[in-house]
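Examination of the molecular architecture
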There are 2 protein chains.
Amino acid sequence: MTDILIIGGGGMVGQKFAHSLASAPLSEDDRVTLFDRSFPDAAPLPGERVLGDITDRTAVSALLARRFDIIYLLASVVSGEAERDFRKGYEINLGGFWHIMSRLEAEHEDSGNTYRPRLVFTSSIAVFGPPYPERIDDDFPPAPATSYGTQKAVSELLIADLSRRGIIDGLSLRLPTICVRPGAANLAASSFFSGIIREPLNGQEAPLPVPEDIRHWHASPRSAAGFLRHAAGIDFERAGHRRALNLPGVSCTVGEQIAALRDIAGNEIAALIRPAPDQTIYRIVTGWPRDFDPQLARSLGFRAEATFHDIIRVYLEDDFAAPV
Amino acid sequence: MTDILIIGGGGMVGQKFAHSLASAPLSEDDRVTLFDRSFPDAAPLPGERVLGDITDRTAVSALLARRFDIIYLLASVVSGEAERDFRKGYEINLGGFWHIMSRLEAEHEDSGNTYRPRLVFTSSIAVFGPPYPERIDDDFPPAPATSYGTQKAVSELLIADLSRRGIIDGLSLRLPTICVRPGAANLAASSFFSGIIREPLNGQEAPLPVPEDIRHWHASPRSAAGFLRHAAGIDFERAGHRRALNLPGVSCTVGEQIAALRDIAGNEIAALIRPAPDQTIYRIVTGWPRDFDPQLARSLGFRAEATFHDIIRVYLEDDFAAPV
């Protein structure tokens, strides 16, 4: 049996991943536990739901006393919110993160140093900061330019140290910006990348806060779930002593995104995108990476879409419900 | 008036720095406050002593409510102890550190975003990990190989983020291994670098836990105090967006250290060094940097000794009391 915990299992990627585990389990007898502050009412999720908050040390201790085999740590305040609300971002992304790490250390010690769970952490390309090379290779060093990126970079360092000490066997996956996210816009500064595809396809106008020449790095929610599923099968030592991987994705400009939408859905749909410049979002997004050469992750078998057209098609297949 | 706080003011470098401020003040009317868990009985220290612990959030809040102009953050669990005692290292070097940062954020907000102290943090070359180039330049990325180095690298990231947000104006100084430390050996894995000079000069045998071909990077306690004093006069923005500087020092092997001792004090003294291999220390020390090319710090006017002979002479001038 494989005892799997998804912290942040109520979030969009957590749900996708829980569903993907149902169709491609890790073992013959998976047991899946989802931990989050809330769960969507709608779709029934595979797995046991546990309500709780990673900032609540008691809840974290009770949860981790169950000594899961593999822990997926997805819970996080998103980039825009971590930048706007200093205390909330640090309390959850660093304080909550540390509750988990220190509890795992205590379980390790209490077990006579035998308990050593695998841990997969969703880091972000926001660990990087300008100036960038044309394409970022696997050796390019983290130098975050936002509080969110700082919190992710700090988490990576701590995961590497706890792994080195044998307390956990950890891996940080630096996700591309996930797009097209279903549902409502969120507080991530990257939210519009999904909005300009999702809203028009649903017959609604979508504000575009940045110029069309902004280039960025994307993968679909299906790929995100796939990354997490694929990670379970690899040797984390192969990610090197930093225990962090840049993942595959699609590099394209906003203009290319819009052109792909026009190709797939037509002029009328694409015309629903309306320029609505936002200096705050622009400033954050211009500090983000534009393109990667993720050789190590590719050699380890991680796969994403090849084109932004594919990313839109995944949205249509997995999440689009045509307006009635 | 300049209101100066030295956190860790009871430690060796803190004391040296307090004395150097007495002879080279920052302003016509310095006020110096020293915060530490204990203070040496011996020498009278310039400045007001405040007893307290950075892991005590209440004590930290009371202290920082005084809104110092410049804060020197020197308090730390040393490398060997942080490696041996996971919880103590993280509790002090990360938990205590964060009490200080979050209190400074609260003071910033309470002041209507006007209070923004300068903060100088003693980081360490232990933020780096192998493999190394022959000489480490200013762009070489941190990749710590110990818990101590991880805690310092994390602190640097947090100082950079709080500086970017305008909460503090921070600078991390990556000190070389400070040598020759006066007084007793401590729990730093680097303690023997001082011991093999100090003990023989005081007529005592000194164990040498590593082979003589180990090369490392050193500066004297006088230089350490000088770095801190010099930092007060520079524009921290010049350290770049990482807000961290590699400092000047002397690169030499243990064999060259011993030869310098022989040159200065004679064969009989140098013969008091006895090989006493220690695999734990050896493993830690072989993961440490050997040489640097600290161009940025040099261009900003930071200075250290030119040779290890100079480092021994500084010990004899500043700290050596000939055995009666």
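Residues numbered from 1 in each chain as written. Chains lettered and ligands numbered in written order. Predicted model: local features only at pLDDT ≥ 70, side-chain atom pairs only at ≥ 80, totals over all residues. Heavy atoms only, no water.

The name that an unreviewed UniProt entry assigns to chain A is NAD-dependent epimerase/dehydratase family protein, with the source organism given as Kangsaoukella pontilimi.

Here we come to the interface of chain A and chain B. In this assembly, 31 residues from chain A lie in contact with 31 residues from chain B. Approximately 2500 Å² of surface area, both sides summed, lies buried where chain A meets chain B, with 59% of it carried by carbon and sulfur atoms. Interface area lost by chain A to chain B is led by A:F86, A:L157 and A:R165, which between them contribute 24%. Where chain A meets chain B, there are six salt bridges. Across the pair B:R164 and A:E83 runs a salt bridge whose closest N-O atoms are separated by 2.9 Å. (Contact = heavy atoms within 4.5 Å. Buried area = accessible area lost by both parts, 1.4 Å probe. Salt bridge = Lys/Arg side-chain N within 4 Å of Asp/Glu carboxyl O.)

Cis geometry is found at the peptide bond from A:P130 to A:P131, where omega equals 0°. Within the fold, A:P131 resides in the loop between β5 (118-124) and α5 (147-164). Cis geometry marks the peptide bond from A:C179 to A:V180; its omega dihedral reads 10°. By secondary structure assignment, the location of A:V180 is in the loop between β7 (177-178) and α6 (191-201). Positive phi, close to 50°, is recorded for B:R67, a residue that is not glycine. By the secondary structure assignment, B:R67 is in the loop between α2 (57-64) and β4 (70-73). (Helix = DSSP H or I, 4+ residues; strand = E, 2+ residues; numbered from the N terminus.)

Relative to chain B, chain A is turned by 180° and slid 0.0 Å along the rotation axis, the superposed coordinates differing by an RMSD of 0.0 Å. Taken together, the rotation and translation describe the operation of a two-fold axis. A share of 100% of the interface residues of chain A reappears at the interface of chain B, consistent with the copies meeting face to face through the same patch. (Least-squares fit on C-alpha atoms with pLDDT ≥ 70 in both.)

A word on the pattern of salt bridges. Tallying each qualifying case throughout the model produces 46 salt bridges over all chains. Across the pair A:R243 and A:E237 runs a salt bridge whose closest N-O atoms are separated by 3.2 Å. Its salt-bridge partner being B:R274, residue B:E205 comes within 2.4 Å of it at the nearest N-O pair. Of this pair, B:E205 sits in the loop between α6 (191-201) and β8 (206-208) while B:R274 sits in strand β12 (residues 273-275), and the two are 69 residues apart along the sequence. Under the relative-accessibility criterion, B:R274 is labelled partly exposed at 36%. What emerges from the salt-bridge pattern is a single network uniting A:R67, A:R103, A:E107 and A:D110. (Buried < 20%, exposed > 50% of the residue type's maximum accessible area, 1.4 Å probe, protein only.)

Residue and element names in this part refer to chain B. Interaxial distance between helix α1 (residues 12-23) and helix α7 (residues 221-231) falls to 9 Å at its minimum, and their mutual angle equals 60°. Viewed along their axes, α1 and α7 adopt a mutual orientation that is oblique. Every pair of crossing elements has a handedness; the one defined by α1 and α7 is right-handed. Two secondary-structure elements touch here, α1 through M12, V13, K16, F17, S20 and L21 and α7 through P221, A224, A225, L228 and R229. Broken down by class, the residue content of the contact of α1 with α7 amounts to eight nonpolar, one polar and two charged. (Axes fitted to C-alpha atoms, helices over the stretch in contact; angles between N-to-C directions. Parallel < 35°, antiparallel > 145°, perpendicular 65-115°, else oblique. Left-handed = near helix turned anticlockwise from the far one by under 90°. Nonpolar A, V, L, I, M, F, W, Y, C, P; charged D, E, K, R; others polar.)

All names here are of chain B. Here seven strands make up an open sheet; going across it, the order is β3-β2-β1-β4-β5-β6-β10 and the pairing parallel. Each edge of the open sheet carries a strand with a single partner, namely β3 (48-51) and β10 (244-246). Taking the axes of each pair of neighbouring strands and ignoring which way they run, one obtains an average angle of 20° across the sheet. Docked against the sheet, α2 engages β1 (2-7), β2 (30-36), β3 and β4, running at close to 160° with respect to β1. Seen against the sheet, helix α4 (residues 86-110) touches β1, β4 and β5 (118-124) and runs at an angle of roughly 165° to β4. (Pairing = 2+ DSSP bridges.)

Right, let's get into the side chain of A:D161. Take A:D161: it is sitting in helix α5. Of the residues examined, A:D161 reaches a relative accessible area of 2% and is grouped as buried. A distance of 2.6 Å separates a polar atom in the side chain of A:D161 from a polar atom in the side chain of B:S147. Contact partners of A:D161, with chain neighbours within four places excluded, come to B:Y90, B:T146, B:S147 and B:T150. (Polar contact = N/O pair within 3.5 Å; in protein donor to acceptor, adjacent residues only side chain to side chain.)

Bringing α6(A) into the picture now. Residue and element names in this part refer to chain A. Burial analysis of α6 places eleven of its eleven residues in the buried class, which makes it a mostly covered element. Taken together, the buried positions of α6 are S191, F192, F193, S194, G195, I196, I197, R198, E199, P200 and L201. With its phi angle positive at about 80°, G203 sits one or two positions after the end of α6.

Attention shifts here to the packing of α6(A) against helix α12 (residues 308-318) of chain A. All names here are of chain A. In the contact formed by α6 and α12, the axes pass within 12 Å of each other and the chain directions differ by 50°. Judged by the angle between their axes, α6 and α12 are oblique. Note on packing geometry: the crossing formed by α6 with α12 is right-handed. The segment α6 lies against α12, with I197, R198 and L201 engaging F308, I312, Y315 and L316. Among the residues making up the contact of α6 with α12, the classes are represented as six nonpolar, no polar and one charged.

Here the focus is the environment of B:V180. A residue is classified by how much of its surface remains accessible, and B:V180, at 0% relative accessible area, is buried. When near neighbours in sequence (up to four residues on either side) are disregarded, B:V180 contacts B:S194, B:I197, B:R198, B:P221, B:I311 and B:Y315.

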